[in-house]
Amino acid sequence: MTVPEFTLHSPLRIGTRRSPLALAQAEMAAAAIRQAHGLDEDAVILVPMLSSGDKIQDRPLAEIGGKALWTKELERALVEDDIDIAVHSMKDVETVRSPMFILSAMLPRADVRDRLIGVANLDDLRHQAIIGTSSPRRAAQLKAMRPDLVTVPIRGNVATRMAQVAAGEFDATLLAAAGLDRLGQPDVGTSLSLETMLPAAAQGAIGIDHLAARSELALFLQAVNHQATFAAVTAERAFLEALGGNCHSPVAAYATCSSDKITLRGEILAEDGSERHSAVLEFLAIDAEGPARLAQALLEKSSDRLRHLFTP
């Protein structure tokens, strides 16, 4: 494949957060781009930066700006021409974004499951065990299964969270299996089945972002785009958008692609786990309204109290 010429910069500059996991994911993207286009090592470089989400560690993100805190510095860098592309954990990317930016590629998706850290399984947790999690989804799913559990906010990178559990600050926590695997820790924790805990939308996926005006990058990045992952994650994000929730709304989603069809499973919950609804819908990949139909089906099952967590 012929590499399009870059009109502004060589080498290609990849923006990334500075956390160990973000850097590992950005290097995966860089390696894929080098391999796909036969580029030398120094033709693609990382430009690490500190996000607001990394700086603010004492409060849940939902209270101080939500997912935008992970992405706004990278978006600023794109606009100011400090970087050419940005690499994100897709579950950290806002569902509704400015049309100035476009996600052109996603790498093959990793393990989407959550891992339980601190005990071998949920049944081993003591009565009223304290679980460190800042995820409304994980907190609600845990309480739906074990109403006695106490969930408290936890922040920091993977190593920090694991250290807090090891020090006895929490009985357990939950981390994404994909992140642990990418950090070289595939044997840490117990993977929970999708039937036990359906993941966050886009969990396990890495996306590559750039300014929409740079159309040459969209073509360039198609060489590393994993179409099945892209289609599945796009469906999950469309489901979130149709629900109309926010960072406080407990919601889970997981899609798979087979031939020309997408199977999408979604789940919405009350914050305390007292109400939980899930459904599965299969639709053609070209059917852009499939995710919205699933969202509507779940909202129709729900009480007014639960619907108000998602709809204005």
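As a reminder, the structure under discussion sits directly above these lines.
From a predicted model like this one, the values you see are computed outputs, not experimental measurements. (Residues numbered from 1 in each chain as written. Predicted model: local features only at pLDDT ≥ 70, side-chain atom pairs only at ≥ 80, totals over all residues. Heavy atoms only, no water.)

1. Some points on the pattern of salt bridges
Then, in step 1: Summed over the entire model, instances satisfying the criterion amount to 23 salt bridges.
Then, in step 2: Asp 181 serves as the salt-bridge partner of Arg 115, at 2.6 Å between the closest nitrogen and oxygen. Here Arg 115 is found in strand β5 (residues 114-117), whereas its partner Asp 181 is found in helix α6 (residues 177-182), with 66 residues between them in sequence.
Then, in step 3: Here Asp 181 falls in the partly exposed class, since its relative accessible area comes to 32%.
Then, in step 4: Through salt bridges that share partners, Arg 13, Asp 81, Asp 84, Arg 214 and Glu 216 make up one connected network. (Salt bridge = Lys/Arg side-chain N within 4 Å of Asp/Glu carboxyl O. Helix = DSSP H or I, 4+ residues; strand = E, 2+ residues; numbered from the N terminus. Buried < 20%, exposed > 50% of the residue type's maximum accessible area, 1.4 Å probe, protein only.)

2. Some thoughts on the sheet that holds β5
Then, in step 1: Here we have five strands laid out as an open sheet, ordered β7-β6-β8-β5-β9, and mixed in their pairing. Unpaired on one side and paired on the other, β7 (150-152) and β9 (190-191) mark the two borders of the sheet.
Then, in step 2: As defined by bridge partners, β5 adjoins β9 across two bridges and the pair is classed as antiparallel. Counterpart to Arg 115 in the pairing with β9 is Ser 191.
Then, in step 3: Relative to the sheet, helix α4 (residues 136-145) contacts β5, β6 (130-132), β7 and β8 (172-176), its axis offset from that of β8 by approximately 125 degrees. (Pairing = 2+ DSSP bridges. Contact = heavy atoms within 4.5 Å. Axes fitted to C-alpha atoms, helices over the stretch in contact; angles between N-to-C directions.)

3. Digging into unusual backbone geometry
Then, in step 1: Although it is not a glycine, Gln 128 sits at a positive phi angle of roughly 60 degrees.
Then, in step 2: Among the secondary structure elements, Gln 128 is positioned in the loop between β5 and β6.
Then, in step 3: Overall, the relative accessible area of 45% leaves Gln 128 in the partly exposed class.
Then, in step 4: The backbone phi angle of Ala 202 is positive, close to 70 degrees, even though this residue is not glycine.

4. Section: the sheet that holds strand β10 (residues 206-211)
Then, in step 1: Reading across the sheet, the five strands line up as β2-β1-β3-β10-β4 and stay open at both edges, with mixed pairing between neighbours. Strands at the two margins of the open sheet, each flanked by one partner only, are β2 (44-49) and β4 (101-106). The sheet shows a mean angle of 35 degrees between the axes of neighbouring strands, taken without regard to direction.
Then, in step 2: Note: β4 against β10, five bridges, orientation antiparallel.

5. Observations concerning helix α8 (residues 227-243)
Then, in step 1: Here α8 is 17 residues long and its end C-alpha atoms lie 24 Å apart, about the 24 Å a rise of 1.5 Å per residue gives.
Then, in step 2: Turning to α8, its buried residues are Thr 229, Phe 230, Ala 231, Ala 232, Val 233, Ala 235, Glu 236, Arg 237, Phe 239, Leu 240 and Leu 243.
Then, in step 3: For α8, the secondary structure elements touched by its buried residues are β4, β11 (251-258), β12 (261-269), β13 (276-284) and α9 (290-301).
Then, in step 4: Gly 244 lies just past α8 and shows a positive phi near 75 degrees. (Expected span 1.5 Å × (residues − 1).)

6. So, the packing of α8 against α9
Then, in step 1: Interhelical geometry of α8 versus α9 gives an angle of 45 degrees and a closest axis separation of 8 Å. Classified by the angle their axes make, α8 and α9 are oblique. In this structure, α8 meets α9 at a crossing whose hand is right-handed. Facing α8, whose interface residues are Ala 235, Ala 238, Phe 239, Ala 242 and Leu 243, α9 presents Pro 291, Ala 292, Leu 294, Ala 295, Leu 298 and Leu 299. (Parallel < 35°, antiparallel > 145°, perpendicular 65-115°, else oblique. Left-handed = near helix turned anticlockwise from the far one by under 90°.)

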